[in-house]
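Structural characterization, general
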Amino acid sequence: TLSYTTLFRSSVISNYSINENFKNVFHSLDLYLHKKLFNYNFKLYPYGSSTEFLSDKDSDIDIFLDISQIETNEQKEKFLYNLLHFLKKFDKHVNTTISTRVCVITFKYYSFNFDMSIVGFCPYLHSVLIREYSLIDPRFPMVGLAIKYLKDILYLDKEYFLNSFSWMNLLVNFLQDIIALD
C-alpha cells in the first residue's frame, strides 16, 4: 500500500505538470479565439482548480469570459453565436446552460474539458482568493488534493453534498483556525 507521504508527493509532482499542460492549452485556446473573433473586445480568465494547484488528471479548466467591453446586446449576441460556431469545430457536443444565475458553455478543446462562465465574475474572484491561500500555506495544496481524492472515492460529489469549492473553503478555515501556522 502507498503511504500518505508517497501519495502527496506524487500528487504534487503530477499536479505541477498538469497545471503546465492546462496553461499551454488555455493559452492556445485564447490565441485561437482572439484570432477568429478579432473584431470583438473580450478577455478570458482561467480560474478554479487548474489555477489553485488543486487539479488532477480529471479536472476541467474553468474560464470566465469577460464580454463587458462589448457595448450593445446585439453585438454580444452576435459574438456568442460566433463563439459557439468556432467551438463546435473542436467539439460537436458543445453544451450550454443558461439561467438567470449562470451561463456556462461546456466544451472539449483537444483532450481537455472546459467550462466557460459568461455571466458572473464572482467564481473567478473566489478562485483568486483560494489560489492566494495556496501560495501562503504550503499545506493547502497537498491536503486539498487529498480531500478531492477522498471526496471522489467516497462519492461525496453528488447533488446532496458540498462541491469542491466549499470543501476548499472549509479547509482554509480549518488551517487558519484549528491548526494555524506559527
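Quick caveat: nothing in here was measured; it's all calculated off a predicted structure.

1. A short note on the packing of helix 3 (residues 122-136) against helix 5 (residues 164-178)
As a packed pair, helix 3 and helix 5 sit with axes 11 Å apart at the nearest point and diverge in direction by 40°. In terms of their interaxial angle, helix 3 and helix 5 are classed as oblique. Where helix 3 crosses over helix 5, the two elements pack in a sense that is left-handed. Residue-level inspection shows His 126, Ile 130 and Tyr 133 of helix 3 in contact with helix 5, the latter providing Phe 165, Met 168, Asn 169, Val 172, Leu 175 and Gln 176. Looking at the contact of helix 3 with helix 5, its residues break down into 6 nonpolar, 3 polar and no charged.

2. Considering the environment of Lys 36
The topology assignment puts Lys 36 in helix 1 (residues 4-36). Under the relative-accessibility criterion, Lys 36 is labelled partly exposed at 34%. Between the C-alpha atom of Lys 36 and that of Asn 82, which follows or precedes it by 46 residues, the distance is 8.9 Å.

3. As for the pattern of salt bridges
It is possible for side chains of opposite charge to pair when their charged atoms get near one another. Scanning the entire structure with this criterion turns up 1 salt bridge. Between Asp 137 and Arg 139 there is a salt bridge, and its shortest N-O distance comes to 2.7 Å. Relative accessible area serves as the criterion here: at 1%, Asp 137 is assigned to the buried category. For Arg 139, a relative accessible area of 21% puts it in the partly exposed group.

4. A short note on helix 3
For helix 3, with 15 residues, the first-to-last C-alpha span of 21 Å sits near the 21 Å given by 1.5 Å per residue. Those residues of helix 3 hidden inside the fold are in contact with strand 1 (43-47), strand 2 (61-66), helix 4 (139-153) and helix 5.

5. Section: the packing of aromatic side chains
Throughout the structure, instances matching the rule amount to 7 aromatic pairs. Judged by centre distance (5.0 Å) and plane angle (45°), the rings of Phe 42 and Phe 79 are tilted. You can see Phe 42 sitting in the loop between helix 1 and strand 1 and its partner Phe 79 sitting in helix 2 (residues 73-87), a full 37 residues away along the chain. Ring centres of Tyr 133 and Phe 140 lie 5.5 Å apart, and the angle between their planes is 90°; this geometry places the pair in the edge-to-face category. Of the two residues examined, Tyr 133 and Phe 140, each falls in the buried class. Among the aromatic residues, those joined into a cluster by ring pairs are Tyr 40, Phe 42 and Phe 79.

Analysis parameters
Position numbers for residues count from 1 along each chain, tracking the sequence in the order it is written. Only residues with pLDDT of 70 or above have their local features reported here, since the model is predicted, and side-chain atom pairs are shown and tallied only from 80 upward, although totals for entire chains, interfaces and linings are computed over all residues. To get the side-chain values, all heavy atoms of the structure are used, and hydrogens and water are removed first. Fitted lines through C-alpha atoms give the axes, limited to the stretch in contact for helices. The angle between two N-to-C directions lies from 0 to 180 degrees. Numbering of helices and strands runs from the N terminus, with a helix taken as a DSSP run of H or I at least four residues long and a strand as a DSSP run of E at least two residues long. Working rule for angles: under 35 degrees goes down as roughly parallel, over 145 as roughly antiparallel, 65 to 115 as roughly perpendicular, anything else as oblique. Handedness of a crossing is defined here by the sense of rotation of the near helix relative to the far one, left-handed for an anticlockwise turn of less than a right angle and right-handed for a clockwise turn. Here, residues are in contact when the closest pair of their heavy atoms is within 4.5 Å. Basically, the charged four are Asp, Glu, Lys and Arg, the nonpolar ten are Ala, Val, Leu, Ile, Met, Phe, Trp, Tyr, Cys and Pro, and anything else, Gly included, counts as polar. Any residue under 20% of the maximum accessible area for its type is buried, any over 50% is exposed, and the rest in between are partly exposed; the area is computed with a 1.4 Å probe on protein chains only. Put simply, a salt bridge is a Lys or Arg side-chain nitrogen that is within 4 Å of an Asp or Glu carboxyl oxygen. One less than the number of residues in a helix, times 1.5 Å, gives the span that helix is expected to have. Between rings of Phe, Tyr and Trp, where Trp is taken as its six-membered ring, a pair exists when centres lie within 6.5 Å; planes separated by under 30 degrees are stacked, by over 60 edge-to-face, and by other angles tilted.

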